[in-house]
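Chains, contacts and geometry: an overview
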Amino acid sequence: MLDFTRQYAVIREEVLEAIESVCASQKFILGPAVSSFESAAAAACAATAGIGCASGTDALWLAMAGAGVGPGDRVVTTPFSFFATASAILRCGATPVFADIDPATFNLSSAAVEAAIRDSAGAVKAILPVHLYGQCANLDALKGFGASLIEDAAQAFGARWNGTPAGSLGDAAAFSFYPTKNLSAFGDAGLVTTSDPAIDDRCRLLRAHGMRQRYIHEEIGWNSRLDSIQAAVLEVKLRYLPQWNAARRERAAAYDRLFRRTGLADGTVVLPFTDPRAEHVFHQYVVRVPRRDSLRQFLTDRKIGTEIYYPIPLHLQSSLDFLGCKRGDFPVAEQATAEVLALPMYPELREDEQETVVHAIAEFYS
Ligand SMILES: *Cc1c(COP(=O)(O)O)cnc(C)c1O
């Protein structure tokens, strides 16, 4: 599914040098390596500010809390995402309100958002779209509802919508640098981007115990600082990201070609759909297939790694039972959880390996 050693072989010298310089400085938390990465990452997203933090989950919480989401508020989001999308809303003291997805892109449907806002028992404070699999949600269609727009851009560093980078499409955005993400650290790390000075200021306060001056706590924040070593690693990798994202797009095009050549794309395997306004970074290459679980077992037996993002929609997670949702509430998301399969995808994946994957899938359906 993923082989990180190929990428490490290329960047090893540079990364070790960057880590060594942090060790030499003995400044391990925040400090110059973190500010340097924050500026570079914000610039790459065309945002004015980047706020490093401990994880993507914390970045979601910070971005929302920074934008003023708090107890009693409602936040509209997708049920087809990683759990943190919903748990970060609850961490703010707010309530998630789910809206169904678009079947082609798997991203939040603006029509469903409109209906959710209309039917909501209370005012909706924010909308939290997810740029799932590396393709931006249609943020233009989510403007005009009078709610703050917070991007869950955990899977989409470098992606664009109508030419504008993820990270500057809404009021604030959250990125994750978990090791499997398309921009990844050597551990947990996250980032908020924003061009709103008030959100920037509040996020900086909240990530460091609400403390501007030492031991004077203006707010009840938390410890969610970014480690300098992670920032140094990330700044090296950020320089390679445009070429890595381009390589992912090439790998995706190669899969498309191979599936069309085998005839599998004519009705058996539904290939990923890219909106013409989106610049997809293919964090994942996800197909829809019949008899998904048997296919997955068949591939596993042939030592081909695949993954299901995500097998259970958020509204059917037992820990979220108290929200009162039931099966059938979000049928498009529910159907997606039964059909999606993520195939091996990373910049260093080779075409002959992709051929092996596609031929094995063809064998299963023959
Ligand atoms: C990975 C991910 C997160 C959480 O990021 P962590 O760094 O693992 O905390 C949140 N949302 C989405 C969509 C993700 O893919």
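Remember, predicted model here, so these are calculated numbers, not experimental data.

Here we come to the pairing of strand β9 (residues 190-194). Within β9, five of the five residues are buried, which leaves it mostly tucked inside the rest of the structure. Side chains Gly-190, Val-192 and Thr-194 of β9 all project onto a buried face; the interleaved residues Leu-191 and Thr-193 project onto the opposite face, where all are buried too. Bridging between strand β1 (residues 49-53) and β9 involves five bridges; their strand directions are antiparallel. Within the sheet, the bridge partner assigned to Ile-51 lies in β9 and is Val-192.

In space, the three strands of this open sheet follow the order β7-β6-β10, with antiparallel pairing throughout. Of all strands in the sheet, those with a lone pairing partner are β7 (164-165) and β10 (278-279), marking the two edges. Summarising the sheet, strand β6 (residues 160-161) and β7 pair through two bridges and their orientation is antiparallel. Bridge pairing links Trp-161 to Thr-164 in β7.

Our focus in this paragraph is the pattern of salt bridges. The full count for this structure, using the stated rule, is 23 salt bridges. As a salt-bridge pair, Glu-307 and Arg-296 come within 3.7 Å of each other at their nearest N and O atoms. With Glu-307 in the loop between α8 (292-301) and α9 (331-339) and Arg-296 in helix α8, this residue pair connects regions lying eleven residues apart in the sequence. What makes Glu-307 partly exposed here is its relative accessible area of 29%. Within this structure, Asp-3, Arg-6, Arg-350, Asp-352 and Glu-353 form a network of salt bridges that share partners.

Moving on: helix α6 (residues 197-207). Listed in full, the buried residues belonging to α6 are Ile-199, Asp-200, Cys-203, Leu-205, Leu-206 and Arg-207. In this structure, the buried residues of α6 make contact with α2 (31-44), β1, α3 (56-66), β8 (172-176) and β9. His-209 lies just past α6 and shows a positive phi near 60 degrees.

It is worth spelling out a nonpolar patch on the surface at this point. A cluster of nonpolar side chains, namely Tyr-8, Leu-16 and Phe-186, defines an oily patch on the protein surface of about 250 Å² accessible area. If you trace the backbone, Leu-16 turns up in helix α1 (residues 4-25).

Bringing the packing of α3 against helix α4 (residues 84-91) into the picture now. Remark: α3 packs on α4, axes separated minimally by 9 Å, with the N-to-C direction vectors making an angle of 45 degrees. Taken together, α3 and α4 sit at an angle that is classed as oblique. The interaxial crossing formed by α3 with α4 has right-handed handedness. Residues Thr-57, Leu-60, Trp-61 and Met-64 of α3 touch α4, and the partners they reach there are Ala-84, Thr-85, Ala-88, Ile-89 and Arg-91. Partitioning the contact of α3 with α4 into residue classes produces six nonpolar, two polar and one charged.

Turning to the environment of Thr-5, a few remarks are in order. Along the polypeptide, Thr-5 turns up in helix α1. Residue Thr-5 is classed as exposed on the basis of its relative accessible area, which comes to 56%. Along the chain, Thr-5 and Glu-348 lie 343 residues apart, while their C-alpha atoms are 9.7 Å from each other. A distance of 2.5 Å separates the side chain of Thr-5 from the side chain of Asp-3, its partner in a polar contact.

Another aspect to go through is empty space enclosed by the protein. Scanning the entire structure with this criterion turns up three cavities of 30 Å³ or more. The volume enclosed by the largest cavity comes to roughly 110 Å³. Every residue lining the largest cavity is counted, 14 residues in all, and those nearest its centre are Phe-4, Gln-7, Arg-248, Tyr-346 and Pro-347. Across the lining of the largest cavity, the residue classes tally to six nonpolar, four polar and four charged. Of the voids in this model, the second largest cavity is the one considered here, and its volume is about 80 Å³. Along the walls of the second largest cavity sit 13 residues, with Phe-106, Tyr-133, Gln-135, Pro-272 and His-280 positioned nearest its centre. Of the residues in the lining of the second largest cavity, the class split is nine nonpolar, four polar and no charged.

All right, on to the side chain of Thr-193 then. Mapped onto the elements of the fold, Thr-193 is located in strand β9. When neighbours within four sequence positions are excluded, Thr-193 is seen to be in contact with Cys-45, Ala-47, Ala-49, Gly-50, Gly-167, Ala-172, Ala-173 and Phe-175.

Turning to the sheet that holds strand β3 (residues 95-98), a few remarks are in order. Read across the sheet, seven strands follow the order β1-β9-β8-β5-β4-β2-β3 without closing on themselves; strand pairing throughout is mixed. This sheet does not close on itself; its edge strands, each paired only once, are β1 and β3. With strand direction ignored, the average angle separating the axes of adjacent strands in the sheet is 25 degrees. Examined bridge by bridge, strand β2 (residues 74-77) and strand β4 (residues 124-128) share four bridges and lie parallel to one another.

This part takes up the site of the ligand. Surveying the vicinity of the ligand reveals 16 residues, the closest of which are Gly-56, Thr-57, Asp-152, Ser-176 and Lys-181. Thr-57 places a side-chain nitrogen or oxygen 2.5 Å from an oxygen atom of the ligand. In the environment of the ligand, an oxygen atom lies 2.8 Å from a nitrogen or oxygen atom belonging to the side chain of Gln-155. Isolated, the ligand exposes 380 Å² of accessible area, and the fraction of that covered by the protein chains is 92%. Taken atom by atom, the bulk of the ligand overlaps the largest pocket. Elements represented by at least two residues in the shell around the ligand include exactly α3 and α4. Counting residues per element, the shell around the ligand draws most heavily on α3, which supplies three residues. Here the shell around the ligand is built from residues that sort into seven nonpolar, seven polar and two charged.

What counts and what doesn't
- Residues numbered from 1 in each chain as written.
- Predicted model: local features only at pLDDT ≥ 70, side-chain atom pairs only at ≥ 80, totals over all residues.
- Heavy atoms only, no water.
- Buried < 20%, exposed > 50% of the residue type's maximum accessible area, 1.4 Å probe, protein only.
- Helix = DSSP H or I, 4+ residues; strand = E, 2+ residues; numbered from the N terminus.
- Pairing = 2+ DSSP bridges.
- Salt bridge = Lys/Arg side-chain N within 4 Å of Asp/Glu carboxyl O.
- Contact = heavy atoms within 4.5 Å.
- Patch = residues over 30% accessible without salt bridge, like charges linked within 9 Å, V, L, I, M, F, W, Y side chains within 5 Å.
- Areas by Shrake-Rupley, 256 points an atom, 1.4 Å probe, with all protein chains shown as cover.
- Axes fitted to C-alpha atoms, helices over the stretch in contact; angles between N-to-C directions.
- Parallel < 35°, antiparallel > 145°, perpendicular 65-115°, else oblique.
- Left-handed = near helix turned anticlockwise from the far one by under 90°.
- Nonpolar A, V, L, I, M, F, W, Y, C, P; charged D, E, K, R; others polar.
- Polar contact = N/O pair within 3.5 Å; in protein donor to acceptor, adjacent residues only side chain to side chain.
- 1 Å grid on protein atoms, 1.4 Å probe; cavity = no way out; pocket = protein on both sides within 12 Å on 5 of 7 lines; lining within 4 Å.
- Points joined across faces, edges and corners; volume = space filled by probe spheres on them.
- Near = heavy atom within 4 Å.
- Sits in = over half its atoms within 2 Å of the grid points.

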